[in-house]
Protein chains: 2
Amino acid sequence: MTSLNHEGRVLHDGLSKKIMSADQAAAFIKNDMNVGMSGFTGAGYPKAIPAALAKHMEAAHARGEDFQIGLLTGASTATECDGVLAEANGIKWRTPYQSEPALRKQINAGEAHYFDMHLSHVAQQSTIGFYGKMHIAVVEVSGILPDGRLIPSTSIGNNNAWLENADKIILEVNAQQSLMLEGMHDVYNDIGMPPNRKPIPLVTPGGRIGVPYLHCDLDKVVGVVLTNSPDRNSKFADPDECSNKIASHIIDFFHDEVKKGRMPENLLPIQSGVGNVANAVLAGLQNSPFENLTGYTEVLQDGMLDLIMSGKMTMASATALSLSPDALERFNANIEELRARIVLRPQEITNHPEVARRLGVLAINAMIECDLYGNVNSTHVMGTNMMNGLGGSGDFARNAYTSFFVSPSVAKDGAISCITPMVSHHDHTEHDVMVIVTEQGLADLRGLSPRQRAKSIIDNCAHPDYRPMLQDYFDRASDTAGMQTPHILDEALSWHQRYVETGDMRIKKSAYKIAV
Amino acid sequence: MTSLNHEGRVLHDGLSKKIMSADQAAAFIKNDMNVGMSGFTGAGYPKAIPAALAKHMEAAHARGEDFQIGLLTGASTATECDGVLAEANGIKWRTPYQSEPALRKQINAGEAHYFDMHLSHVAQQSTIGFYGKMHIAVVEVSGILPDGRLIPSTSIGNNNAWLENADKIILEVNAQQSLMLEGMHDVYNDIGMPPNRKPIPLVTPGGRIGVPYLHCDLDKVVGVVLTNSPDRNSKFADPDECSNKIASHIIDFFHDEVKKGRMPENLLPIQSGVGNVANAVLAGLQNSPFENLTGYTEVLQDGMLDLIMSGKMTMASATALSLSPDALERFNANIEELRARIVLRPQEITNHPEVARRLGVLAINAMIECDLYGNVNSTHVMGTNMMNGLGGSGDFARNAYTSFFVSPSVAKDGAISCITPMVSHHDHTEHDVMVIVTEQGLADLRGLSPRQRAKSIIDNCAHPDYRPMLQDYFDRASDTAGMQTPHILDEALSWHQRYVETGDMRIKKSAYKIAV
């Protein structure tokens, strides 16, 4: 593994003496430890230690010994991290976000505890000690300078907090990460703790308020492991007709807001959640007349990179890159220029309510479902099974200038309506949701009472197959119940129950007035 | 009404010429206007214009004409404001908070539209124009200086925004409000709009960053009305055994956090919701060993005033006073000293996520119910009927250092459990709720997965009458469903449905395994 690729990457004498195998380094991690790993949306996670650790765990389990850890990261990692650890039954407790099928399965089988939290809260609450001691940090970096400063990798996430809080540190130096990333990061180390906090002095999406390096107490570093593995780099689906329609509804809305004087001509900093639909919205902006856009988001995806490279977007701030292999190639080929236009920050800053509210982000996030009254479920399938987690959607939606939640109006070939009478899990309440968008249209909920919202959502966003069913529910609820938020309590979740039982939320049109 | 009491209160020549009757002033308000009135938690609301306006509305209705307004305030007002306007069927649309029985009845009968929102969002979103034009502002003040600066009344709320945004302004000068309030307020006028915002420079609860006066374009003032009426000044119930137990659980928790080094010895700024239980917690602190406390809250109630007067609390920040008649007397008798210890601010600042997060508030708010997984309902009775509204609970809970939601474990003589399988309305999700407290005990949910939370809440907070029912639901849900958040979808809201049908959430112990 100590190939030429690592030349110039471990320049600190003391740390170069701590280079060891992943197996040796993983041996520092013991049963019941809390481990803070790097990684955010499949970028910058450790590539070698988790697999080595998983082997140690499996060996321990074979000996009849307990070996599980509490695992904290920035956000999602990849198969080489969450995946292998879950397969080894090595995760006792996990926060704040995950997306690996093996781990998801364990969570939903009750075999691992998952604590789903706002990404902006993780560093603070972990540092205070709400989640116990942090025993060890495992952090991927691009390189180590002669004085021990660390060049961060493709994500920062909570790395600055983990390095500060952990008793011991293991560094993975990944030769696949461009050393040209040096200078793109902005690590703010002065956030402090109450009651001694000052304002975070960030006033523009591209502002720099910190330093381009991570720091740590070098005496805490117990091992340095050399790796040479790419990030997850999943490919995005090309925008389909549905995504394009959603994008065009949002862009029409932007036009209208600008026309009404409620938004500047270059809009406001765009935050875009992860995924194909959100990516399609950014692709839609590429073909819009808007210029001099800015981005203030968690994750820089292909769509935002394209906006930057085309000159449509002047600056973007994120805590992680999450690029397809093609986009990564474009990124690396143009990294010198991009370094002036992209800033990677700790997630406590990218997602901080103070900054999001100040900058006035346009927060565009995907949802699993919303209900008649604009409550949004971002996390749970049929109310009980975890998909991935909340991520930063709440950080942004709550503090947004305007918050959007987007989804196709139906899923599973129409068997699931993404508009339901009552969501089966609440991640964002009616109070945080301004605009709902499906391929059918856009519901502008600002200033509407719940009953008015129901009308707008049914008329504008629901799929035609479900519109009469939703209207019927709403009408009957309005006849029988309190009129602030009409519901039929023993029917509110019946659509989900029907799907669980029959595989379809629909019932025959002639039957539903009687049968529901 | 122009008694001696108003001497020295309207010192501006031009405005003194605009003194008129409430009836004359109310005539500026026309059908379908949006009106921004002062008032927050029954303090500082207009006392005369609403009644005069209500008469105009009734006369118009008698003539067969439409006459309703959109009404925005700081928060709740009183019978003389929301009450009379509702009785006159004069409110078409209302935000952001209300507590008058007449209005509540109309809202729940579907006769008035109520839009329930975070109090920190109102000024920004109204100023941008999300809720349409603001035609007229009606603002109570204590006095008018010779140069036209306004001495605010017992609340600031959104008054600075209303004065700025409205086309026309009516001032009520209330001789009941002490002129000695002058200097207690701190009105910050530099919040700006994205993308040109700077940090809010407030770094301590008692800091002053603005000016002690409200300003307005004097040419917009169309009328000045003299009034002489007290605020609502409701009496608090003396803390009962239940409230005292809740208070003592919280204080024990504080002790433990200090001992563990997770909280400073003088705690952190306390935010306390409105109501008897929250007030009891503050009374409990009076008898605790904690010293040099600070308050950063919306509403200064009796309990916090007592902490200040006893020297236990050094500084308190709020947007409104909400004192009992006795406490108001103590306040006015000591106002000279209190002016150095109490700061009244616009609600956009008291509730601002930036400041709440920076200061690290301990947010203690009442709830209607919470569920097994720590979701909280603050607003809806049995899922459909609005009680008062969300208020600032979300502003504070989301951004708190530690968030607490408190309630007696049962209501209506035990017929309602305040812990239910699933809340019937979600105002605060699991992601924002750290600690649940009832008289039974305290559930510390930090870092717990939903299943772990359920155990903690059942064991520590549920009333013994309901504990077996909750455990039974949880056990059966765990057998049948996804294990991240176990639920039985067609039973999750059955307790509320049973209450609606039978007036009692309980079922006979022997029957519930079959009957539920």
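As the structure is a computational prediction, the values presented were derived from the model and not from experiment. (Residues numbered from 1 in each chain as written. Chains lettered and ligands numbered in written order. Predicted model: local features only at pLDDT ≥ 70, side-chain atom pairs only at ≥ 80, totals over all residues. Heavy atoms only, no water.)

1. Let's talk about the UniProt feature "domain: Acetyl-CoA hydrolase/transferase N-terminal" (unreviewed entry) in chain A
Step number 1: Per the UniProt record, "domain: Acetyl-CoA hydrolase/transferase N-terminal" (unreviewed entry) is found at residues 15-186 of chain A.
Step number 2: Each end of residues 15-186 of chain A is marked by a C-alpha atom, and these two atoms are 23 Å apart; helix forms 30% of the span and strand 20%. (UniProt positions renumbered as here; feature names shortened; annotations may be inferred. Helix = DSSP H or I, 4+ residues; strand = E, 2+ residues; numbered from the N terminus.)

2. Remarks on the nonpolar core
One recurring pattern in soluble globular proteins: nonpolar side chains tend to sit buried together.
Step number 1: Residues Phe254(A) and Phe254(B) are the most contacted members of the largest nonpolar core, which totals 154 residues.
Step number 2: Those residues in contact with Phe254(B) that lie beyond four places of it in its chain are Met263(B), Leu267(B), Leu285(B), Phe290(B), Leu362(B), Ile364(B) and Phe404(B).
Step number 3: Counting residues in each nonpolar core, the second largest holds 68 residues, with Leu372(A), Tyr466(A), Leu493(A) and Met382(B) among its members. (Core = buried A, V, L, I, M, F, W, Y, C linked by side-chain atoms within 4.5 Å. Buried < 20%, exposed > 50% of the residue type's maximum accessible area, 1.4 Å probe, protein only. Contact = heavy atoms within 4.5 Å.)

3. Comments concerning the interface of chain B and chain A
Step number 1: At the junction of the two partners, chain B supplies 91 residues and chain A supplies 91 residues.
Step number 2: With both sides pooled, the region where chain B packs onto chain A buries about 7200 Å², and carbon together with sulfur makes up 54% of that total.
Step number 3: When the area that chain B buries against chain A is broken down by residue, the three leading residues are Arg357(B), Arg398(B) and Leu489(B), summing to 12%.
Step number 4: Its salt-bridge partner being Arg358(B), residue Glu354(A) comes within 3.1 Å of it at the nearest N-O pair. (Buried area = accessible area lost by both parts, 1.4 Å probe. Salt bridge = Lys/Arg side-chain N within 4 Å of Asp/Glu carboxyl O.)

4. Observations regarding the domain arrangement of chain A
Residues and elements named next belong to chain A.
Step number 1: What the domain assignment reports for chain A is domain 1 (13-227) and domain 2 (241-464).
Step number 2: Each of domain 1 and domain 2 has a C-alpha centre, and the two are 27 Å apart.
Step number 3: Between domain 1 and domain 2, the residue contacts involve 47 residues of the former and 47 residues of the latter.
Step number 4: Buried surface at the junction of domain 1 and domain 2, both sides included, amounts to about 3700 Å², of which 59% is carbon and sulfur.
Step number 5: Scanning the region where domain 1 abuts domain 2 turns up 1 salt bridge.
Step number 6: One salt bridge connects Arg-345 with Asp-186, and the closest N-O pair in it is separated by 3.3 Å.
Step number 7: Viewed at the interface, domain 2 and domain 1 are joined by 28 residue pairs in polar contact (both at pLDDT 80 or more).
Step number 8: Elements with a minimum of two residues in the side of domain 1 that touches domain 2: helix 5 (101-108) and helix 6 (122-128).
Step number 9: Across the side of domain 1 that touches domain 2, the residue classes tally to 22 nonpolar, 20 polar and 5 charged. (Domains from an automatic or database assignment. Polar contact = N/O pair within 3.5 Å; in protein donor to acceptor, adjacent residues only side chain to side chain. Nonpolar A, V, L, I, M, F, W, Y, C, P; charged D, E, K, R; others polar.)

5. Focus: the relation of the copies chain B and chain A
Step number 1: When chain B is brought onto chain A, the operation consists of a screw motion whose angular component is 180 degrees and whose axial shift is 0.0 Å, with 0.0 Å RMSD remaining. Both copies of the chain, as the preceding transformation shows, are related through a two-fold rotation axis. By C-alpha distance to the rotation axis, the residue of chain B lying nearest is Glu354(B), at 2.1 Å.
Step number 2: Here 100% of the contact residues of chain B are again contact residues in chain A; the copies associate through an equivalent surface. (Least-squares fit on C-alpha atoms with pLDDT ≥ 70 in both.)

6. Describing the sheet that holds strand 17 (residues 376-377) of chain A
All names here are of chain A.
Step number 1: The mixed open sheet is built from 3 strands, whose spatial order is 17-16-23. Across the chains shown, the open sheet's two edge strands, defined by having one partner strand only, are strand 17 and strand 23 (419-420).
Step number 2: As paired strands, strand 16 (residues 369-371) and strand 17 are joined by 2 bridges and run antiparallel to one another. Within strand 17, the position partnered with Glu-369 by the bridge is Asn-377. (Pairing = 2+ DSSP bridges.)

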